[in-house]
Amino acid sequence: MLNTINQTARRIPAYTIYIAGIALAVWVIYAALATPDPAKVLERDLGTKGLQILIATLCITPLRWYGVNLLKFRRALGLMGFMFIALHLMTWVVLDLALRWSEILTELTKRPFIIVGMLAFVALIPPAVTSNNAMVKRLGALRWKRLHWLAYPATLAGAVHFVMIGKVYTLESALYFAAVAGLLIARRLKARKKALQTA
């Protein structure tokens with residue numbers, strides 16, 4: 001089973017993730033336009049899809065521990081997740097608040113869930129900007145890896161943002177938060193186990 005998955009993954013070019021991501025974004029926008037409140041639906045759905053893709057990106061390393069090698073898709077998935085989050089932010093700024101900058105600044109300083117969401121977006125910028133081979137060479141593998149560690153707290157902050165948006169906690173928001181927290185804990189335990197083995 002694992003060999004079949006890995007062999008199939010090797011035959012699929014990484015660029016298909018970009019094609020699928022862009023197609024999904026187009027579909028989300030098209031579907032939102034058919035609703036009574038396109039801006040709100042688009043804002044919600046873009047953010048949700050972005051969080052889902054980022055969680056999928058974080059799953060790639062733990063899957064590798066158990067023999068499923070999807071590492072070639074991680075960069076593309078991360079960039080597509082960032083694209084959706086950026087579109088989510090743009091929808092809020094342009095369609096929801098209509099570029100009313102004074103109101104936007106007020107929201108960014110007084111509403112906790114928006115502050116957390118913005119922090120998550122800002123933390124995603126360095127990994128997104130440096131997700132290319134040229135930056136790996138320029139920064140060096142170790143510095144590049146440390147910089148991309150920001151994707152973990154950024155995704156956690158995104159999950160917290162999702163939880164805080166709702167007036168009541170839902171199973172969906174709880175599952176997203178639990179998934180990210182679980183992935184971070186698993187990564188920490190794995191690193192600790194490795195450190196003990198090499199001590």
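Residues numbered from 1 in each chain as written. Predicted model: local features only at pLDDT ≥ 70, side-chain atom pairs only at ≥ 80, totals over all residues. Heavy atoms only, no water.

A. Structural context of unusual backbone geometry. One non-glycine residue with positive phi stands out, namely Ala98, at about 50 degrees. On the secondary structure map, Ala98 appears in the loop between helix 4 (74–96) and helix 5 (101–110). With phi around 60 degrees, Leu99 is a residue other than glycine that occupies positive phi space. The residue Leu99 is located in the loop between helix 4 and helix 5 in this model. For Leu99, a relative accessible area of 42% translates into the label partly exposed. (Helix = DSSP H or I, 4+ residues; strand = E, 2+ residues; numbered from the N terminus. Buried < 20%, exposed > 50% of the residue type's maximum accessible area, 1.4 Å probe, protein only.)

B. Spatial organisation of the confidence of the model for the protein chain. Averaged over every residue, the pLDDT of the protein chain is 91; the share at 70 or more is 98%. Averaged over each element, pLDDT in the protein chain is lowest for helix 1 (residues 2–11) (85) and highest for helix 2 (residues 15–33) (96). (pLDDT = per-residue confidence, 0-100.)

C. Empty space enclosed by the protein, seen in detail. Inspection of every chain in the model, using the stated rule, returns one cavity of 30 Å³ or more. If you trace the largest cavity, you find it lined by Leu58, Thr61, Pro62, Trp65, Tyr152, Leu183 and Arg187. Those elements that provide at least two residues to the lining of the largest cavity are helix 3 (38–65) and helix 10 (171–198). The leading source of residues in the lining of the largest cavity is helix 3, at four residues. When grouped by side-chain class, the residues that make up the lining of the largest cavity number five nonpolar, one polar and one charged. (1 Å grid on protein atoms, 1.4 Å probe; cavity = no way out; pocket = protein on both sides within 12 Å on 5 of 7 lines; lining within 4 Å. Points joined across faces, edges and corners; volume = space filled by probe spheres on them. Nonpolar A, V, L, I, M, F, W, Y, C, P; charged D, E, K, R; others polar.)

D. Up close: helix 10. Look at helix 10: 40 Å from first C-alpha to last across 28 residues, which is about the 40 Å you get at 1.5 Å a residue. Residues of helix 10 that are buried make contact with helix 3 and helix 9 (151–165). (Expected span 1.5 Å × (residues − 1). Contact = heavy atoms within 4.5 Å.)

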